[in-house]
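A closer look at the structure
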Amino acid sequence: MAPPNSACPTEPMIEPRVNPVVARAGRFVLVLGGQGPGGNLVSAELYDPQTDRFEPVEVPARLAAAGRFSGAVATALMDGRVALTGGPTGSYSVFDPQTKRFGPPIVLEPRFFHGAVALGGDALLVAGGCRGATVAGVCDGESARPPFRLAVDSDEQDVLTPLERDHVQPTLLLDPGLAAGLGASAGRGPSVLAVGAVTAQGLPAATDRIDLATGAATALPGTGATATVLDSGAVLTGFAAAGLGATRDIAVITPHLAVRPAILGPTMAEASMTLLEDGSVLALGQSASSTPMAQLYRPGLDRWLPVTLPPAVTSLGQHRALRLDDGSVLVLGAGTASAPAATAWRFRPSLVGPFTSSAIVVPNAEQSAELTPSDVDAVTRTDERFELGGTRSGLGAWLIAGGPRLVEGRLTAVFRPVIALGEQEGLAVITHFQSAASLVSTQIVPGAQVTVQHHVGAQVTVLCRGQVAPALPATPVTVTFTLRAGALTVRVADVEVVACTVAELPRGGWGVAVIGVATRLGIDTLTVER
């Protein structure tokens, strides 16, 4: 086993292949098609992380008859199955990791190079793409504008309003402000983000927020083509779409859909970005000189750090990267059509993960746990502290600690006001964070009752109320949130301001927030522990 933040090879794939269609399938990884030494492949194989081996998967004759999987998309459903949609067969089929078999293909409208995202249960949203494709694997024909919801168990298809713009090869993400389940929140209806798309002519397209009720597309200019959702619910984007050269521009989409330029990344082409369990992000791709490269983005430090790749990794062109259940990242399918490779390897990140006993955040220290902001413009880092400022009313901005994902535990943070607090300004402890639409906030506003609130979409439920919060001194003050066996207590300095009993809450991230658009607080240290 490789040491943390390094890589080791797995057993090779059964067939050399580049640019395959891949998806998580329960604990496994399903790999389909791509290009082999003799051209397009119609074979499939399954990687088992427990044995570190690939095994063949039977492909139904109707899927294999097309001679390729170009333009098809594989999407992991919430229950671990995989929906394979579109491509040359004009059908969809569901792969079951329990039986390791595909179900019968079912006719679907022609669609290639689209995006798809699981909506919960057996539901899937399919959007974008084009109506046809050449044997070489590029769009040929008009764009596929109408998105549709597909229930794979009942074959029910709900066609939605056509999109306003082309979206070819998009990555579809649930709207980061609504990711708890696409319910209405903050005045927004059900929606998704289409990131990294190109037009039918192969030109870059802006990231769009797509309203699922109307089909209206709201452009979010200034974003990159590769994306991953961060611990704070923000979306890190960067680099250019495949085939459009090496770039280093990075931007973050906040949960409230503001686009913020971020620190420049490495100059990279054909890039992937994968969120790691400690809150950092692994970026893989080709350098400007077409050599493989890897870097880690550390949100707590706002820095990119180099990662050493194994000597056997000679290319990361057209690769695929997926995070496994143990937190490692499987990388495969790299190379060129003329030189596909069977090699695969796993990147093993730091040992900090959801079941780590504790995470200690210390400003500007490389050994510190990550602390990811909801808005990169809201945080300033110094050697002594993080300074967090509000960017909107209510929960103005927040920081989520990487690693532990807790139902119960303790959070201890040392705060200090940077500027005097105004009316309705204060701080909050954030717990059970799953997205900007699913979290618990303990709001401490001097002169007002301390409240513990459960936010689910647009609905806010007060779980308990405490004492009137004291004024915060100009000197550092320690705030402690403890939840054990349903008993919740909050202390500000040595004063207990909340003591109540709550029902079990969902597992999630823990962190801190500021309340109010003008609030600015310093956070000297933060500890999350079981």
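Residues numbered from 1 in each chain as written. Predicted model: local features only at pLDDT ≥ 70, side-chain atom pairs only at ≥ 80, totals over all residues. Heavy atoms only, no water.

Next up on the list: the overall build of the chain. Broken down by element type, the chain carries one helix and 48 strands. Compactness check: the chain gives a C-alpha radius of gyration of 24 Å against a globular reference of 24 Å for 530 residues, within 12% of the reference. Expressed along its principal axes, the backbone C-alpha trace of the chain runs to roughly 70 × 50 × 40 Å. Looking at the 530 residues of the chain, the share that counts as buried comes to 58%. Long-range pairs, those at least 24 residues apart, make up 56% of the contacts in the chain between residues at least 6 apart in sequence. Carbon together with sulfur atoms contributes 53% to the accessible area of the chain, which is approximately 20100 Å² in total. Positive and negative side-chain charges of the chain, numbering 36 and 45 respectively, have mean locations separated by a distance of 1 Å. (Helix = DSSP H or I, 4+ residues; strand = E, 2+ residues; numbered from the N terminus. Rg over C-alpha atoms; globule rule 2.2 N^0.38 Å. Buried < 20%, exposed > 50% of the residue type's maximum accessible area, 1.4 Å probe, protein only. Contact = heavy atoms within 4.5 Å. Areas by Shrake-Rupley, 256 points an atom, 1.4 Å probe, with all protein chains shown as cover. Lys, Arg positive; Asp, Glu negative; His and termini not counted. Charge placed at Lys NZ, Arg CZ, Asp CG, Glu CD.)

Turning next to the state of the cysteines. This structure, assessed with the given rule, holds two disulfides. Disulfide partner of C130: C139, at an S-S distance of 2.0 Å. Because the torsion about its S-S bond is -80°, the bridge between C130 and C139 counts as left-handed. Here C130 matches C139 in class, with each residue buried. Across the chain, the disulfide pattern expressed with sequentially numbered bonded cysteines is 1-2, 3-4. (Disulfide = S-S within 2.5 Å.)

Attention shifts here to unusual backbone geometry. Among all residues save glycine, negative phi is the norm, and among peptide bonds the norm is trans. Positive phi is not limited to glycine here, since N19 has a value of about 60°. Looking at the secondary structure, you find N19 in the loop between β1 (6–9) and β2 (21–25). Among the residues examined, N19 registers a relative accessible area of 27% and is labelled partly exposed. The residue Q318 is not glycine, and still its phi comes out positive at about 60°. With respect to the helices and strands, Q318 occurs in the loop between β28 (303–306) and β29 (320–323). Residue class for Q318 comes out partly exposed when judged on its relative accessible area of 26%.

Another aspect to go through is the pairing of strand β21 (residues 226–229). Pairing geometry for β21 and strand β22 (residues 235–238), over four bridges, is antiparallel. Paired with A227 across the strands is T237, a residue of β22. In this antiparallel pair of consecutive strands, β21 and β22, the connection spans five residues, and G233 shows a positive phi of 90°. (Pairing = 2+ DSSP bridges.)

Right, let's talk about the sheet that holds strand β47 (residues 509–515) for a bit. Remark on secondary structure: sheet strands pair via backbone hydrogen bonds, oriented parallel or antiparallel. One open sheet accounts for seven strands, arranged β35-β38-β47-β40-β41-β42-β43; its pairing is antiparallel. Each having just a single partner strand, β35 (371–373) and β43 (459–468) make up the two edges of the open sheet. Ignoring which end each strand starts from, the neighbouring axes of this sheet average 20° apart. Note that strand β40 (residues 426–435) and β47 share six bridges and pair antiparallel. (Axes fitted to C-alpha atoms, helices over the stretch in contact; angles between N-to-C directions.)

The next point concerns the pattern of salt bridges. Tallied over the full model, the rule gives 24 salt bridges. One salt bridge in this structure joins E15 and R17, with 3.5 Å as the shortest N-O distance. Here R346 makes a salt bridge to D52, at a shortest N to O gap of 3.7 Å. You can see R346 sitting in strand β33 (residues 344–348) and its partner D52 sitting in the loop between β6 (44–48) and β7 (53–57), a full 294 residues away along the chain. For R346, a relative accessible area of 5% puts it in the buried group. Linked by salt bridges that have partners in common, D52, D326, R346 and R348 make up one network. (Salt bridge = Lys/Arg side-chain N within 4 Å of Asp/Glu carboxyl O.)

Formed by 43 residues in total, the largest nonpolar core has its most connected members in F415, L488, V498 and L526. In this structure, A44, V57, F69 and A74 belong to the second largest nonpolar core, which totals 18 residues. (Core = buried A, V, L, I, M, F, W, Y, C linked by side-chain atoms within 4.5 Å.)

Bringing the layout of surface pockets into the picture now. In this structure, the second largest pocket encloses a volume near 410 Å³. What lines the second largest pocket is a set of 19 residues, among which N5, D278, R298, S350 and E366 lie closest to the centre. Those elements that provide at least two residues to the lining of the second largest pocket are β27 (292–298), β28 and β34 (358–361). When residues in the lining of the second largest pocket are grouped by element, the largest group, three residues, is from β34. For the lining of the second largest pocket, a count of residues per class yields nine nonpolar, six polar and four charged. (1 Å grid on protein atoms, 1.4 Å probe; cavity = no way out; pocket = protein on both sides within 12 Å on 5 of 7 lines; lining within 4 Å. Points joined across faces, edges and corners; volume = space filled by probe spheres on them. Nonpolar A, V, L, I, M, F, W, Y, C, P; charged D, E, K, R; others polar.)

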